[in-house]
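Each chain is listed here by its residues.
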Amino acid sequence: RLKAISAVNNTTSTSKPLNFIEEKPTELFGCNVFNDKVMQEHLPKAVYKSLKRTIENGEQMDPSIADAVASAMKEWALSRGATHYTHVFYPLTGLTAEKHDSFLEPDGRGGAIAQFSGSTLIQGEPDASSFPNGGLRTTFEARGYTAWDLTNPAYLLENDNGVFLCIPTAFVAWTGEALDKKTPLLRSNQAVHTQASRLLKLLGHNNFDRIQNYAGVEQEYFLVDRNFYFARPDLYLSGRTLFGAKPAKGQEQDDHYFGTIPKRVLAFMIEAERELYKLGVPVKTRHNEVAPGQYEIAPMFENSNLANDHNQMIMSVMKSVAKRYGMACLMHEKPFAGINGSGKHLNYSIGNGQFGSLFDPGETPHENAQFLLFCAAMIRAVHKHGELLRCSVACASNDHRLGANEAPPAIMSIYLGQQLAEIFEQIKKGDVATSKAKGILRVGVDTLPPLPMDAGDRNRTSPFAFTGNRFEFRAVGSSQSIAGAQLVLNTMLSDSLKYISDRLEALMTSENCELNDAVTKVIQEIVKKHGNAVFNGDGYSEEWAKEAEERGLANLRTTPEALPALNSESSVTLFEEFGVLSKRELDSRTSIFFEQYINTIQTEIELAIKMARTSILPAAVRYQTELAKNCLNMKELGLGCIQGPLTKLTENLNGLESAADELEAMLAKGHSDEQEHARFLCNEVLPVMLELREYADKLEDVVADDLWPLPTYQEMLFIK
Ligand code: ADP
Ligand code: MG
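Residues numbered from 1 in each chain as written. Chains lettered and ligands numbered in written order. Predicted model: local features only at pLDDT ≥ 70, side-chain atom pairs only at ≥ 80, totals over all residues. Heavy atoms only, no water.

1. Some points on the domain arrangement of the protein
Inference 1: By the assigned domains, the protein splits into domain 1 (32-180), domain 2 (190-581) and domain 3 (596-718).
Inference 2: Here the C-alpha centroids of domain 2 and domain 3 sit 39 Å apart.
Inference 3: Taken together, the contact pairs 32 residues of domain 2 with 28 residues of domain 3.
Inference 4: Buried area between domain 2 and domain 3, both sides added, is near 2700 Å², and the carbon and sulfur share of it is 74%.
Inference 5: Inspection of the region where domain 2 meets domain 3 yields one salt bridge.
Inference 6: Put simply, Arg240 and Glu604 hold a salt bridge, and the shortest N to O gap is 2.8 Å.
Inference 7: Connecting domain 2 to domain 3 are eight residue pairs in polar contact (both at pLDDT 80 or more). (Domains from an automatic or database assignment. Contact = heavy atoms within 4.5 Å. Buried area = accessible area lost by both parts, 1.4 Å probe. Salt bridge = Lys/Arg side-chain N within 4 Å of Asp/Glu carboxyl O. Polar contact = N/O pair within 3.5 Å; in protein donor to acceptor, adjacent residues only side chain to side chain.)

2. Some words on the site of ligand 1
Inference 1: Around ligand 1, a shell composed of 14 residues is seen, among which Glu218, Pro299, Phe301, Asn347 and Ser349 lie nearest.
Inference 2: With respect to ligand 1, the side chain of Glu218 contributes an N or O atom lying 3.0 Å from an oxygen atom.
Inference 3: Between ligand 1 and the protein, one listed contact pairs an oxygen atom with a side-chain N or O atom of Asn347 at 3.2 Å.
Inference 4: For ligand 1, whose unbound accessible area comes to 580 Å², protein coverage reaches 80%.
Inference 5: Mapped by element, the contributors of at least two residues to the shell around ligand 1 are strand 9 (212-225), strand 11 (294-299) and strand 14 (344-352).
Inference 6: Sorting elements by how many residues they give to the shell around ligand 1 places strand 9 first, with three residues.
Inference 7: Considered class by class, the residues forming the shell around ligand 1 number four nonpolar, four polar and six charged. (Near = heavy atom within 4 Å. Areas by Shrake-Rupley, 256 points an atom, 1.4 Å probe, with all protein chains shown as cover. Helix = DSSP H or I, 4+ residues; strand = E, 2+ residues; numbered from the N terminus. Nonpolar A, V, L, I, M, F, W, Y, C, P; charged D, E, K, R; others polar.)

3. Section: the side chain of Asn652
Inference 1: With respect to the helices and strands, Asn652 occurs in helix 22 (residues 644-668).
Inference 2: Every residue in contact with Asn652, bar those within four places of it in the chain, is listed here: Tyr695, Lys698 and Leu699.

4. Digging into the coordination of the magnesium ion (ligand 2)
Inference 1: Looking at the magnesium ion (ligand 2), the protein donor atoms are Glu218 (OE), Glu218 (OE) and Glu472 (OE), and they sit 2.3 to 2.5 Å from it. With Glu218 in strand 9 and Glu472 in strand 17 (residues 471-473), the pair connects residues that are 254 residues apart, well separated along the chain. Taken individually, Glu218 and Glu472 each receive the classification buried, so the pair is uniform in this respect. (Donors = N, O, S within 2.8 Å, 3.2 Å for Na, K, Ca; no water. Buried < 20%, exposed > 50% of the residue type's maximum accessible area, 1.4 Å probe, protein only.)

5. Observations regarding helix 20 (residues 569-577)
Inference 1: Looking only at helix 20, the buried set comprises Ser571, Val572, Leu574 and Phe575. Projected down its long axis, helix 20 shows its buried positions confined to an angular sector of 165°, all on one face.
Inference 2: Turning to helix 20, the residues buried within the fold contact helix 13 (386-391), helix 16 (483-510) and helix 21 (583-636).
Inference 3: Among the residues trailing helix 20, Gly579 stands out with phi positive, at a value near 65°. (Arc of directions from axis to C-beta.)

What follows is the structure, encoded as structure tokens:
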């Protein structure tokens, strides 16, 4: 540990400053992407037009153009020094997977030629049979295919050892079942487009472009020096510290938040941004976060499929660039106890170039009516499918944030801000029939007060907050793929949009309502039935937990409690209705996520026992011996000895030993049912692991500093 501290001072960084005069931003941005401009340059005109149509309208690709596209892509990649190509996909581990193949193939005459056909571009077979599939594939039928997702551009990844062409793909079983995160996201894009379009047509719009769903992803992370990182097996194996006493200085003084970025960190950020610019990731914002050693990076929002790819790229680029600066980039939700954890705020909206965001209030009464309908759809969605939304962000590491004493709570509610909440309240109270007489708001007729509200009155304690022209979902964990949450949002919103269209049609035909009255009525019905999900108060307070219970809102604090919502009857009905996930796919996902939870917790427990026994206990015993010898000597000399530290140390040492024994005994107990086993780990074993940690952390406060083996919190957080 002491060597690690002195090694920190020897770290040098090699950043080349970012300079938009020498390096034109327009030449840098997207220079490694096979984007629209490159395609236009490299493809025959007819092929380019056909491909573009496919991309823009989400149509099937004309197979006859595949070879031409592949050949252009190959020429471009080779001219840029690429040697290999890879189908990149997102298996259910939440990580990014790739398998490299060389462009070179033997020509049969002792030489080699560069090959890349249309069929290799469109489809690959990675034989990735070891990825979790939750029963969707047995090994004898282990075929999984990667299929080119042409809506996202291919790109070149460069590193010190070469350049390779990356092709974004979906990963499916030979039966067509989704084995990845991208496929159901693409299906949900279709659902939300279909349902939003139907409602917009009812509202009188014709001829508009495809409705997109957007994601703006704020990524939080920690940086620690690599010398410390490798001296902490818990950090490099489980992503978080399993031990560590509270440092004398924490985040109480808030002096880190938006503070000046330390020099080495800034150099790292600049280089990571340069790499991301090249890949066409529109990185926009960087700043210090609340906790010491914590930072945030945020690109501009994009359509969700691209934003998902880009977020995965951000995570891998940041990890690899951090290494060059002697640091480790931690994406775990809670690397350090006692200070803030990391989330990934997901800013969500739907719309297109013509409409802008459909969650944007607009200026005319007509636009406002439309806005209120889409908002009402969201209120209903959160109320009806709150458990599913909670479930979409459930994993072992995110449990340290949600439902723990930290933001945001595990109760899914929706924050509208005072002004908008009042409007809905008024609509709820208003009697449509007499509304004119009483001067009560009639949606779509009266002009609403100007919206949006001041962005400053945003409530930071809400998991799902309206922020002027979008909703910000704050419960996503920093290490998670955004695909899960985005596809749940898309699907539950589709369900509400469909409900609204059905209801509007019914009111207008059978009850002869005018459109405006029908709209008012539907919103009113929704607020009456689902308004319980709206909450503008302090989401962290005890009172809210109580009130939420009275309102009938679920508070699923842990992953084992939250996950069953994924394949509950109502979820299966919902996902199947919109063609996003089948029951088999949902069952397999539920099982995989339980398995992942169990694996994570078990690894942590085994590691905690091992570290307690092989590094903490020996250090404490050495110091105990030293103190004991000293006591004996002092007594021999007839002088009193200081017994306090020895007694305290011995107590905690015994406690540590017995907690480790207890944990070991518990680990030996298995349950054949995975859900039951997960609950056992969560409710019975984790508390004992915390007890073990308490003893260890007390020992850290007693044992002589030079004997303590693990880098401490203050070292990891404050030495930069
Ligand atoms: P804050 O930290 O105040 O929430 P940031 O500027 O860090 O705000 O991040 C806001 C994110 O929301 C950015 O990624 C931004 O591009 C995104 N965003 C802005 N407008 C929309 C929208 N209509 N739909 C989705 N995301 C949006
Ligand atoms: Mg935010």
